[in-house]
Amino acid sequence: MNKNENASILTSTETSTTNDQIKAATEQFTHMMSGVLSSTRNVYTKVMVFIDAGYLKSSLESYHMGGIIDYSKIIEKLVNGRQLLRTYYYTAKIEKPPTPLWERLQQEQQRLFSSIAHQPYMEVRLGRLQFTKDGEAHQKGVDVLIAIDMLRFAIKHNYDTAILLSGDGDFADIIRMVKDEGRLVEIATFDGSKSFALQSSCDVCTEITKEWLKDCHK
């Protein structure tokens, strides 16, 4: 092998090494900048949380965790470092309770409302509770309130991302309408109660499990 061939091989090897170094440095820089941009977006992303209280309460009770979970910690975990503008808690107000049981539930609800009133950036939205002749209770107007608020706040550009805590597939259409307004929509549902329609309509789906809730205790 002559000198020219040796020089050519060395040059080729050096060029290959240099290209590999440049590629590695470029990938490292891109990864670093991606993290910086993601962190920046996270800080300035405006979030509103919409909670279907009936769904949340019944799901926690099915886990036998109804009275030991701090709602504010659930919200904090879902928001995950982004800018929380406001949380809306939707439920039906108990009025004219027909039985002693409902009287007790009314008192519990009033205590909950009082507690929420002291939570920053959190509001209660009230539908109505309608009792049948058999004493069964049905929520009225709650789903409509959630849908109206999600859409009107999206149209007014009040938030970048909506987080809906619910398992009701009927919200799929309103989620698509909110996305059409340029907003992102995340849903949070409990393990085993996911609606396919709801999951397929959103941008991100968070599945809440007992493990997920372990650091949300009071």
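Student: What should I look at first to understand the sheet that holds strand β3 (residues 122-131) in this one?
Tutor: Sheet strands pair via backbone hydrogen bonds, and the direction of the pair is either parallel or antiparallel. The mixed open sheet is built from 7 strands, whose spatial order is β4-β3-β2-β1-β5-β6-β7. Either end of the sheet is taken by a strand with one partner, and the two such strands are β4 (137-140) and β7 (204-208). Pairs of neighbouring strands in the sheet enclose a mean axial angle of 25 degrees, with direction left out of account. In this sheet, strand β5 (residues 161-165) lies alongside strand β1 (residues 46-52) in parallel orientation, the contact comprising 5 bridges. Bridging across to β5, Val-47 finds its partner in Thr-161.

Student: Mind showing me how you'd approach unusual backbone geometry here?
Tutor: Across residues other than glycine, the phi torsion is negative in most instances, and most of the peptide bonds are trans. Its identity as a non-glycine residue notwithstanding, Asn-80 has a phi of 55 degrees, on the positive side. Following the sequence through the fold, Asn-80 ends up in the loop between α3 (71-79) and β2 (83-93). Residue classification places Asn-80 among the exposed positions, given a relative accessible area of 51%. Phi at His-157 takes a positive value of approximately 60 degrees, unusual for a residue other than glycine. Tracing the backbone shows His-157 in the loop between α5 (142-155) and β5.

Student: Which parts of the structure should I look at to understand the pairing of β1?
Tutor: Where a strand is regular, its side chains alternate between the two sheet faces. Burial within β1 is extensive, with 6 of its 7 residues counted as buried. Taken together, the 7 bridges between β1 and β2 define a ladder with parallel strand orientation. The residue bridging Phe-50 from the neighbouring strand is Tyr-88, located in β2.

Student: Would you mind showing me how to read the state of the cysteines here?
Tutor: A covalent bond between the sulfur atoms of two cysteines is referred to as a disulfide. Inspection of every chain in the model, using the stated rule, returns 0 disulfides. Note on Cys-205: no disulfide assigned, nearest cysteine sulfur contributed by Cys-202 at a separation of 5.1 Å.

Student: Which parts of the structure should I look at to understand the environment of Val-185?
Tutor: With respect to the helices and strands, the residue Val-185 is situated in strand β6 (residues 184-190). Looking at Val-185, the relative accessible area reads 0%, which means it is buried. It is 9.7 Å that separates the C-alpha atoms of Val-185 and Val-47, two residues lying 138 residues apart in sequence. In this view, Val-185 contacts Met-150, Ala-162, Ile-175, Val-178, Lys-179, Cys-202, Asp-203 and Val-204; residues no more than four positions away in its chain are not counted.

Student: Quick question: what am I supposed to make of the pattern of salt bridges here?
Tutor: Side-chain pairs of opposite charge can arise where the charged atoms are in close proximity. Tallied over the entire structure, the rule returns 10 salt bridges. With a shortest N-O distance of 2.9 Å, Asp-149 and Arg-152 are connected by a salt bridge. On the criterion of helical spacing, the pair formed by Asp-149 and Arg-152 is a turn pair, its members being 3 residues apart in helix α5. Here Asp-149 falls in the buried class, since its relative accessible area comes to 3%. Note on Arg-152: relative accessible area 35%, which makes it partly exposed. The closest approach of N and O atoms between Arg-176 and Asp-173, which form a salt bridge, is 3.4 Å. Taken together, the positions of Arg-176 and Asp-173, both in helix α6 (residues 172-180) and 3 residues apart, correspond to about one turn of that helix. Among the residues examined, Arg-176 registers a relative accessible area of 38% and is labelled partly exposed. Where salt bridges share partners, they join Arg-86, Glu-123, Arg-125, Asp-149 and Arg-152 into one cluster.

Student: Sorry if this is basic, but what is going on with the packing of α5 against α6 here?
Tutor: One can describe the packing of α5 onto α6 by two numbers: an axis separation of 9 Å at closest approach and a directional angle of 5 degrees. Relative to α6, the element α5 lies roughly parallel. For the pair α5 and α6, the contacting residues are Ala-147, Met-150, Leu-151 and Ala-154 in the first and Ile-174, Met-177 and Val-178 in the second. Along the lines of polarity and charge, the residues of the contact of α5 with α6 split into 7 nonpolar, no polar and no charged.

Each value, and the rule that gives it
- Residues numbered from 1 in each chain as written.
- Predicted model: local features only at pLDDT ≥ 70, side-chain atom pairs only at ≥ 80, totals over all residues.
- Heavy atoms only, no water.
- Pairing = 2+ DSSP bridges.
- Helix = DSSP H or I, 4+ residues; strand = E, 2+ residues; numbered from the N terminus.
- Axes fitted to C-alpha atoms, helices over the stretch in contact; angles between N-to-C directions.
- Buried < 20%, exposed > 50% of the residue type's maximum accessible area, 1.4 Å probe, protein only.
- Disulfide = S-S within 2.5 Å.
- Contact = heavy atoms within 4.5 Å.
- Salt bridge = Lys/Arg side-chain N within 4 Å of Asp/Glu carboxyl O.
- Parallel < 35°, antiparallel > 145°, perpendicular 65-115°, else oblique.
- Nonpolar A, V, L, I, M, F, W, Y, C, P; charged D, E, K, R; others polar.

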